[in-house]
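The residues making up each chain are set out below.
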Amino acid sequence: MLVGLFFLGQRLVASPVAAPIASVSPAPAPTSTPTPTPEVTATQPAGVHEWNTLFGGECLEPYASPWEEDFTVVDCAASHTAQLVYRGTFGGNQATIFPGEAALAAQINLLCTKPGILDVTAAGAYSNLQMQGSYSITEEQWNTGSRDYFCFVSRAPTEALAASIVGPGPVA
C-alpha cells in the first residue's frame, strides 16, 4: 500500500524536473511601409498617369475635372481638351500644420492665376479659357508630404486646344 500511495503522490504532485516546454516565437508582423511616390522631374510622356505623378505642361485628352484620379497625357500638337499648366507647392515646411481644406481652397485661384503660368500669346488665341485648380485635401495626405497644387486650363464648353499654352512659370 505504501508503494501505491507513492505512485499516486507522484501523479498528483509535479516532479522537481520540469518537462521541456516547446516555445513558439511569434513571427514578426510585417510592417507596412508606404511606397513613396517618386519625385516627378519632367513632363510625363503620352499615356495614363496618376494625378500626383504629373509634373506640369502635360496636355490631356479627355478631361472631365481637375479632381480625376488618372489623366491621359497626349502630344500637345494633337487636339486636346485641357492642359496641366503648372504644378506648385503650398508654402511652409514639413512642420507646417495642415491648414484645412477651406484655407487651401481659398488660395488656389490666386496661385493658379499668377503671371507666368500661362503663355499669354498662345492663350490669346482662345477666348473661353477657364482655370481650375486641385490639391491634396486631407490632413493625412498633407502629413505624408503631399503639398502640391495643380493648375489646369480647359475651354469652357470642352472645345479643343490645338497647342501648348504653358508659360515659363509664375513670377514672384
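What counts as what
Residues numbered from 1 in each chain as written. Predicted model: local features only at pLDDT ≥ 70, side-chain atom pairs only at ≥ 80, totals over all residues. Heavy atoms only, no water. Helix = DSSP H or I, 4+ residues; strand = E, 2+ residues; numbered from the N terminus. Buried < 20%, exposed > 50% of the residue type's maximum accessible area, 1.4 Å probe, protein only. Contact = heavy atoms within 4.5 Å. Areas by Shrake-Rupley, 256 points an atom, 1.4 Å probe, with all protein chains shown as cover. Expected span 1.5 Å × (residues − 1). Arc of directions from axis to C-beta. Patch = residues over 30% accessible without salt bridge, like charges linked within 9 Å, V, L, I, M, F, W, Y side chains within 5 Å. Salt bridge = Lys/Arg side-chain N within 4 Å of Asp/Glu carboxyl O. Lys, Arg positive; Asp, Glu negative; His and termini not counted. Charge placed at Lys NZ, Arg CZ, Asp CG, Glu CD. Phe/Tyr/Trp six-rings, centres within 6.5 Å; stacked < 30°, edge-to-face > 60°. Pairing = 2+ DSSP bridges.

Participant: Explain the overall build of the protein chain to me, please; I cannot follow it from the model alone.
Facilitator: What the protein chain contains, in helices and strands, is 4 helices and 6 strands. In sequence order, the protein chain lays out its α and β elements as α-β-β-β-β-α-α-β-α-β. Within the protein chain, the fraction of its 172 residues that count as buried is 32%. The contacts in the protein chain between residues at least 6 apart in sequence include a share of 67% that link residues at least 24 apart. A total of about 11100 Å² of accessible surface is found on the protein chain, and carbon and sulfur atoms cover 61% of it.

Participant: For this particular structure, what's the right way to read unusual backbone geometry?
Facilitator: Where the residue is not glycine, phi is negative for most of them; where a peptide bond is considered, it is trans in most cases. A cis amide bond links Glu-61 with the next residue in sequence, Pro-62, at an omega value of 0°. By secondary structure assignment, the location of Pro-62 is in the loop between β2 (59-60) and β3 (70-74).

Participant: Quick question: what am I supposed to make of helix α2 (residues 101-112) here?
Facilitator: The end-to-end C-alpha distance of α2, which contains 12 residues, comes to 16 Å, matching closely the 16 Å that a straight helix rising 1.5 Å per residue would cover. For α2, the set of buried residues is Leu-104, Ile-108, Leu-111 and Cys-112. Each buried residue of α2 sits inside an arc of 80° when the element is viewed along its axis, so together they form one side. Across from the buried face of α2, at angles greater than 90 degrees, the exposed residues are Ala-102, Ala-106, Asn-109 and Leu-110.

Participant: I'm lost on a negative patch on the surface in this one. Help?
Facilitator: Side chains of Glu-50, Glu-68, Glu-69 and Asp-70 sit close together on the surface and give a patch of like negative charge. One can find Glu-68 in the loop between β2 and β3. Residue classification places Glu-68 among the partly exposed positions, given a relative accessible area of 32%.

Participant: Can you help me understand the packing of aromatic side chains in this one?
Facilitator: To describe a pair of aromatic rings, you give the distance between the ring centres and the angle between the ring planes. According to the stated counting rule, one finds 10 aromatic pairs in the structure shown. Residues Trp-51 and Phe-150 carry aromatic rings whose centres are separated by 5.7 Å and whose planes lie at 75° to one another, so their mutual orientation is edge-to-face. Highlighted residues: Trp-51 in the loop between β1 (47-50) and β2 and Phe-150 in strand β6 (residues 148-155), separated in sequence by 99 residues. We note that Trp-51, like Phe-150, is buried.

Participant: Help me out: how do you make sense of the pairing of β3 in this one?
Facilitator: Along a regular strand, successive side chains alternate from one face of the sheet to the other. Of the two faces of β3, the one holding Phe-71 and Val-73 is buried and the one holding Asp-70, Thr-72 and Val-74 is not buried anywhere. The pairing of β2 with β3 spans 2 bridges and is antiparallel. When the sheet's bridge partners are listed, Cys-59 is paired in β3 with Val-74.

Participant: Looking at this model, I keep getting lost on the pattern of salt bridges. Mind explaining?
Facilitator: Between side chains of opposite charge, pairing is possible as soon as their charged atoms come close. Applying the stated criterion across every chain, the model contains 2 salt bridges. Between Arg-87 and Asp-148 there is a salt bridge whose closest N-O contact spans 2.5 Å. Taken together, the positions of Arg-87 in strand β4 (residues 82-89) and Asp-148 in strand β6 put the pair 61 residues apart, joining distant regions of the chain. Glu-159 serves as the salt-bridge partner of Arg-155, at 2.8 Å between the closest nitrogen and oxygen. Judged by its relative accessible area of 13%, Arg-155 falls in the buried class. Judged by its relative accessible area of 34%, Glu-159 is partly exposed.

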